[in-house]
Amino acid sequence: MTITADRPVSDTVTDPSVELPARAAELLDLLRSNAARTEDDRRVAQENIDALAAAGLFKISVPKRLGGHEADFKTFLEVTSTLGQACGSTAWAATLINVCGWLIGLYPDQAQRDVFDDNPDARICGVVAPNSTAVAVEGGLRVTGKWGFASGSLHSQWAMLGVPVVDETGTQIDQGMALIPMSELTIEDTWYVAGMRGTGSNTIIANDVFVPAHRILSVTAAIDGSYPTEHKDEALYRSAFVPVLALVLVGPQLGLAQGALETVKASLAKGRGISYTFYEKSVDAGSTQINMANAASLVDTAMLHCFRAAADIDTAAASPDYMDFGNRARVRMDVGVVATRAREAMDLLLTVQGAGSFAEVSPLQRMWRDLETGSRHAVVNPAIAAEAYGRALLGVAEQVTPLI
């Protein structure tokens, strides 16, 4: 049965591409004020979660028929990069919850109803890696496992977790993502890290949990663009699987670099000098001017690659054909470029600001740690992305990863 207009819509947005980024911008002061507490508590401040929910910013990619905005990935990245300017951890948690809001649109209608029928405001976290065992039983699988780095799990009601799909003999025949209520799972407190500390990316545990077949998405089929949703007219849910999962990760990273640039500009505007030099104002120094120009250009480069990739994903989704392999590989390359250029920009900005950047009271040191941590996500890996893209460019059949 298809969910239609009888589904209550939580929010009316005339133009999501304008209104959702604007709502994100309105929350920046709140996120900045809670950034240190978010980090100290190792979870996103509840005020932030409540504000994002009230602004509809956990429903960016949820289907409209389920009360979401069904916004494109350009809008998605504008929102998450904006949030990242104030708090990397909040932006990261929002990113992972929202991309799972997109993933739910790929599942069969019954799975979507399972999540949203009882709670139209449900949030979902996810881990793709199949860190579990599974036993085939009538109607589905029984799953046992542990999944680390489950960002957003502290604020979600459901989880999508990687599982091996096995037959009656126990032989693996596929890889899937099992959709499971958080009420049937437990969370182990394992997220003790140097950066992105507030994401609460702890470990989810399942102990012999039954998952019906309609709540298991084939990852293998999804990589090739085959999704079981019955709602084939919804263009957003024709977007390319791996390019989406990779690209969304750099929204917060871009935002952190943008936020650091504005933070240093504001600091320089106060007129401080450069210690042990004759410069009474740092802005008068050629080294400051050159470093700031190069940092800004690197941020621009990251932004251009990020939004080119988003435009390519959105354009391909609007067409009847799945994004071709070469462009999917290039999106992975773009992801690596965004991460690298953002890190390079941050390095220059820290140099301009000097050793004071690393004072505990300075937001720059937190931005730096968050960026250094988030940009090391395995799917971002710039070297692997470059190798995969190079092979695609040169027509080398054997690839280094299935995630393209």
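Computed from a predicted structure; not experimentally measured. (Residues numbered from 1 in each chain as written. Predicted model: local features only at pLDDT ≥ 70, side-chain atom pairs only at ≥ 80, totals over all residues. Heavy atoms only, no water.)

1. Comments concerning the packing of helix α9 (residues 250–268) against helix α12 (residues 363–374)
Direction vectors running N to C along α9 and α12 enclose 160 degrees, while the axes themselves pass 10 Å from each other. If you check the angle between α9 and α12, you find them roughly antiparallel. Where α9 crosses over α12, the handedness of that crossing is left-handed. Here Gln253, Leu256, Gly259, Ala260, Thr263 and Val264 of α9 come into contact with α12, specifically with Pro363, Leu364, Met367, Asp370, Leu371 and Gly374. Class assignment of the residues belonging to the contact of α9 with α12 gives a composition of seven nonpolar, four polar and one charged. (Axes fitted to C-alpha atoms, helices over the stretch in contact; angles between N-to-C directions. Helix = DSSP H or I, 4+ residues; strand = E, 2+ residues; numbered from the N terminus. Parallel < 35°, antiparallel > 145°, perpendicular 65-115°, else oblique. Left-handed = near helix turned anticlockwise from the far one by under 90°. Contact = heavy atoms within 4.5 Å. Nonpolar A, V, L, I, M, F, W, Y, C, P; charged D, E, K, R; others polar.)

2. Concerning helix α6 (residues 109–116)
Of all the eight residues making up α6, six are buried; the element is thus mostly covered by neighbouring parts of the structure. Along α6, the residues classified as buried are Asp109, Ala111, Gln112, Arg113, Val115 and Phe116. Summarising the contacts, the buried residues of α6 are in contact with β1 (124–127), β4 (158–166) and β5 (172–181). (Buried < 20%, exposed > 50% of the residue type's maximum accessible area, 1.4 Å probe, protein only.)

3. Concerning the layout of surface pockets
Reported here for the largest pocket is a volume of approximately 690 Å³. Along the wall of the largest pocket there are 29 residues; nearest its centre are Leu96, Phe149, Leu249, His377 and Val379. Looking at the lining of the largest pocket, the elements that each hand over two or more residues are α5 (88–103), β1, β3 (140–150), α8 (241–247) and α12. Here the lining of the largest pocket takes five residues from α5, the largest share from any one element. Along the lines of polarity and charge, the residues of the lining of the largest pocket split into 19 nonpolar, nine polar and one charged. Quantified by volume, the second largest pocket comes out at close to 170 Å³. Around the second largest pocket sit 15 residues that line it, and Gly225, Tyr227, Tyr237, Arg238 and Tyr322 are the ones nearest its centre. Residue composition of the lining of the second largest pocket, grouped by class: eight nonpolar, four polar and three charged. (1 Å grid on protein atoms, 1.4 Å probe; cavity = no way out; pocket = protein on both sides within 12 Å on 5 of 7 lines; lining within 4 Å. Points joined across faces, edges and corners; volume = space filled by probe spheres on them.)

4. Focus: the packing of aromatic side chains
A complete count under the given rule lists six aromatic pairs for this structure. Note on phenylalanine 149 and tryptophan 191: the rings are 6.0 Å apart at their centroids and 80 degrees apart in plane angle, and the pair reads as edge-to-face. Highlighted residues: phenylalanine 149 in strand β3 and tryptophan 191 in the loop between β6 (186–188) and β7 (202–212), separated in sequence by 42 residues. Residue tryptophan 191 is classed as buried on the basis of its relative accessible area, which comes to 11%. (Phe/Tyr/Trp six-rings, centres within 6.5 Å; stacked < 30°, edge-to-face > 60°.)

5. Observations concerning the pairing of β5
Across nine bridges, β4 lies against β5 in antiparallel orientation. Of the residues in β5, the one forming a bridge with tryptophan 158 is proline 181. Taking the residues that link successive antiparallel strands as the turn, the β4-β5 hairpin has five residues, and the phi of glycine 170 there is positive, at about 90 degrees. As defined by bridge partners, β5 adjoins strand β8 (residues 216–218) across three bridges and the pair is classed as antiparallel. What sits directly across from glycine 176, in β8, is serine 218. (Pairing = 2+ DSSP bridges.)

6. Considering α12
The end-to-end C-alpha distance of α12, which contains twelve residues, comes to 16 Å, matching closely the 16 Å that a straight helix rising 1.5 Å per residue would cover. Of all the residues in α12, the buried ones are Leu364, Gln365, Arg366, Met367, Arg369, Asp370, Leu371 and Gly374. The elements touched by buried residues of α12 are α2 (28–41), α5, α9 and α11 (325–353). Between the side-chain oxygen at the start of α12 and the backbone nitrogen of leucine 364 there is a gap of 3.1 Å, and the oxygen is on serine 362. (Expected span 1.5 Å × (residues − 1). Polar contact = N/O pair within 3.5 Å; in protein donor to acceptor, adjacent residues only side chain to side chain.)

7. Examining the side chain of serine 61
Residue placement: serine 61 occurs in the loop between α3 (46–54) and α4 (73–84). The exposure class assigned to serine 61 is buried, which follows from its relative accessible area of 0%. Beyond its immediate stretch of four places on either side in the chain, serine 61 contacts Glu70, Ala71, Phe73, Phe76, Asn98, Gly101, Trp102, Leu236 and Tyr237.

8. Looking at the state of the cysteines
Scanning all chains against the criterion turns up zero disulfides. Free of any disulfide, cysteine 87 has its nearest neighbouring cysteine sulfur in cysteine 125, separated by 18 Å. Summary of cysteine pairing: cysteine 125 is not part of a disulfide, and the nearest cysteine sulfur, belonging to cysteine 100, is at 6.5 Å. (Disulfide = S-S within 2.5 Å.)

9. Details of the environment of aspartate 29
Tracing the chain through its elements places aspartate 29 in helix α2. As for aspartate 29 and histidine 69, which are separated by 40 residues in sequence, their C-alpha atoms are 24 Å apart. Within the structure, aspartate 29 has its side chain in polar contact with the side chain of arginine 32 (distance 3.3 Å).

Honestly, it's all geometry; don't read function into it.
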